[in-house]
Amino acid sequence: MTEYVSTQGYKGTRDFYPEDKRFLNWLKTKIDHVMRLYCFEEYDGPFLEPIELYLSKTSEEIVNQQLYSFRDKGDRHVAIRPEMTPTLARMIAKVHQTLVKPIRWYSMPTCMRYERPQRGRLREFIQLNVDLFGGNPKDEDLEILQIILSLMKSFGAQKEHYEVKISHRALLDFFLLKYVVLDKSHIPSVVRLLDKKDKISLEVFKEEAEKLGLETKAIDYLLMFLDKDLNSLCADLLKDSPDALYLKEILETLKSLDPHAPIEFSSSIVRGFDYYTGLVFEVFDRNPDNRRALFGGGRYDNLIASFGSEPLSGIGFGMGDVTFHHFLEGHHLIPSLAAKVPVSVIRFGEEDRVKALRLCQRLRDDLGLFVEAPLSLQKFGKQIQHAQKRNATCVAFIAQEDGEDGFTLKWLETGVQEHIKFDSNEYKNLSQRF
Ligand code: HAM
């Protein structure tokens, strides 16, 4: 018996059918436009990197649980990129001394993480990366947050649809050192616990905190911290933190540019990556059906220097296509993206193949029209039906009365038929009618 191969792809990956590519192309075109408005340039890097790049530079969770890694035929240990930041840092470290600053770069790589596929999280996803280096940190932080707001606006998102939550790693370190941990070396494990706080119950959170050696008082401080807004923290627990004032200033500046910008401080934002050192942020959909973050990012001061290069601070974010698609869908922000065929050329028999192909070629070459050539020899009515199914604007064909120097155009919406000569003004101006 024949054994058929399954049509099911690898778990957590997607097949991109033409309608899916239409969405992605639309998304990319809009993103490209916003990035050009901010004078960013596009870059790209390899899908595969030596594993060492990730061992020291990405999060512990990614390295231990989510990295796709294997030995190549030359016994080199390599990994598929789970994120773009280590590759970007490597690329920047290699050349930044020769580059004009500030460096504004973006990319839309495919990444892979061995995660449990669920709503909003897959194993293979596309992630917009926007990063900025070599400017004044405060201006950079503001620009990165402004870009997020502009991107959301460009997709028609309203302030009720989403929220940008910001915090600061140094502020968190300050708080943890003052109230929660005994020394700096305990900070990363507490940060990782805080990062998953929303995914676990309060009991589990307390249990895990105890396992990290935190006393009841320290855990109470943590919970108190998570409960407060920036003003009350500044008046109380974070009174002497310069970073709390910094965040206030960032928020005030952004609100003075747009008083309705949906951006706030949130102590729950910690980010799971160890490389963040300053401002950190995430963007969330307010739609409760789409709970995973849309964007995540922050400032990283030491990543570039870790390649032995001159230090250079960077800030950036990643935005995944999966949750962003759910976001746009949930708020009805995706326009109709049906494929359109402006002109469908039809023919009637074996003998008019060359004439029909010549007509296709002329319409493409002379007028730059998008033309579908006939691949079947069905009756006129059937071909019209086919053109309608393909969403064609009109069909073109050479009728007997057209002779050698013209053709007939039938507009499908109105049914109006026109005879057009190649040397007429009507022909020259035809493309303006689509
Ligand atoms: P991240 O928070 O791991 O950050 O990812 C950023 C965004 O990528 C998430 O908010 C989500 O939209 C998307 N994403 C992540 N994992 C998955 C997944 N398994 N399936 C679908 N979407 C996913 C980073 O990756 C940082 N490197 C971002 C960054 C750039 N920081 C500075 N520059």
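Shown above is the structure to which this text applies.
Residues numbered from 1 in each chain as written. Predicted model: local features only at pLDDT ≥ 70, side-chain atom pairs only at ≥ 80, totals over all residues. Heavy atoms only, no water.

Engineer: Requested: an account of the environment of Asp-131, with residues and values cited.
Structural biologist: Residue position: Asp-131 is located in strand β7 (residues 124-133). Given a relative accessible area of 2%, Asp-131 falls into the buried group. Considered as a pair, Asp-131 and Ile-103 are 28 residues apart in the sequence and their alpha carbons are 8.1 Å apart. (Helix = DSSP H or I, 4+ residues; strand = E, 2+ residues; numbered from the N terminus. Buried < 20%, exposed > 50% of the residue type's maximum accessible area, 1.4 Å probe, protein only.)

Engineer: An account of the environment of Asn-136 is needed here, citing residue identities and associated values.
Structural biologist: By the secondary structure assignment, Asn-136 is in the loop between β7 and α5 (137-154). A sequence separation of 259 residues divides Asn-136 from Val-395, and the C-alpha atoms of the two residues are 58 Å apart.

Engineer: Outline the site of the ligand, supporting the account with residue identities and numerical values.
Structural biologist: Glu-83, Thr-85, Glu-115, Leu-122 and Tyr-276 are the nearest of the 27 residues found near the ligand. Here Leu-294 contributes a backbone N or O atom positioned 3.0 Å from an oxygen atom of the ligand. One of the backbone N or O atoms of Gly-320 is found 3.0 Å from an oxygen atom in the ligand. Burial of the ligand by the surrounding chains reaches 97%, relative to a free accessible area of 660 Å². Going through the elements one at a time, β7, β11 (295-300), β12 (314-320) and α12 (321-330) are the ones with two or more residues in the shell around the ligand. A per-class count over the shell around the ligand returns eleven nonpolar, ten polar and six charged. (Near = heavy atom within 4 Å. Polar contact = N/O pair within 3.5 Å; in protein donor to acceptor, adjacent residues only side chain to side chain. Areas by Shrake-Rupley, 256 points an atom, 1.4 Å probe, with all protein chains shown as cover. Nonpolar A, V, L, I, M, F, W, Y, C, P; charged D, E, K, R; others polar.)

Engineer: I'd love a proper account of unusual backbone geometry, names of residues and values included.
Structural biologist: A cis amide bond, omega -5 degrees, links Lys-101 with the succeeding residue Pro-102. Along the chain, Pro-102 turns up in the loop between α4 (85-95) and β5 (103-107). A positive phi angle is found at Asn-391, which is not glycine, with a value near 65 degrees.

Engineer: So, the packing of aromatic side chains: which residues are in play, and what are the values?
Structural biologist: For the structure on display, the rule yields 26 aromatic pairs. With centroids separated by 5.8 Å and ring planes inclined at 40 degrees, the aromatic side chains of Phe-23 and Trp-26 adopt a geometry described as tilted. Here Phe-23 pairs with Trp-26, and both are found in helix α1 (residues 18-37), just three residues apart, close to one helical turn. Exposure class is identical for Phe-23 and Trp-26. Each is buried. Between the aromatic rings of Phe-407 and Tyr-427, the centroid separation amounts to 6.0 Å while the plane-to-plane angle is 80 degrees, which identifies the pairing as edge-to-face. Taken together, the residues span a long stretch of sequence, with Phe-407 in strand β16 (residues 406-411) and Tyr-427 in helix α15 (residues 425-428) at a distance of 20 residues. Ring pairing ties together the aromatic residues Phe-23, Trp-26, Phe-155, Tyr-162, Phe-281, Phe-295, Phe-317, Phe-324 and Phe-327, which thus form one cluster. When the ring centre of Phe-155 is taken as origin, the NZ or CZ atom of Lys-30, which lies over that ring, is 5.8 Å away. (Phe/Tyr/Trp six-rings, centres within 6.5 Å; stacked < 30°, edge-to-face > 60°. Lys NZ or Arg CZ within 6 Å of the ring centre and 35° of its normal.)

Engineer: Now, about the sheet that holds strand β15 (residues 392-397): what can you tell me, with residues and values included?
Structural biologist: Ordered in space as β14-β13-β15-β16-β17, the five strands form an open sheet in which the pairing is mixed. With one partner strand each, in any of the chains shown, β14 (371-372) and β17 (417-421) form the two edges of the open sheet. As paired strands, strand β13 (residues 341-345) and β14 are joined by two bridges and run parallel to one another. Residue pairing in the sheet places Val-343 in a bridge with Val-371 of β14. Seen against the sheet, helix α13 (residues 353-367) touches β13, β14, β15 and β16 and runs at an angle of roughly 155 degrees to β13. With respect to the sheet, helix α14 (residues 380-389) is in contact with β13, β14, β15 and β16, its orientation differing from that of β15 by roughly 150 degrees. (Pairing = 2+ DSSP bridges. Contact = heavy atoms within 4.5 Å. Axes fitted to C-alpha atoms, helices over the stretch in contact; angles between N-to-C directions.)

Engineer: Describe the pairing of β7, with residues and values.
Structural biologist: The element β7 is extensively covered by neighbouring structure, given that nine of its ten residues are classed as buried. Strand direction decides the pairing type here: β5 and β7, joined by five bridges, are antiparallel. Bridge pairing in β7 links Ile-103 to Phe-133. Across three bridges, the pairing between strand β6 (residues 110-112) and β7 is antiparallel. By the bridge assignment, Cys-111 is partnered in β7 with Phe-125. Bridging between β7 and β12 involves seven bridges; their strand directions are antiparallel. Bridging across to β12, Leu-132 finds its partner in Ile-315.

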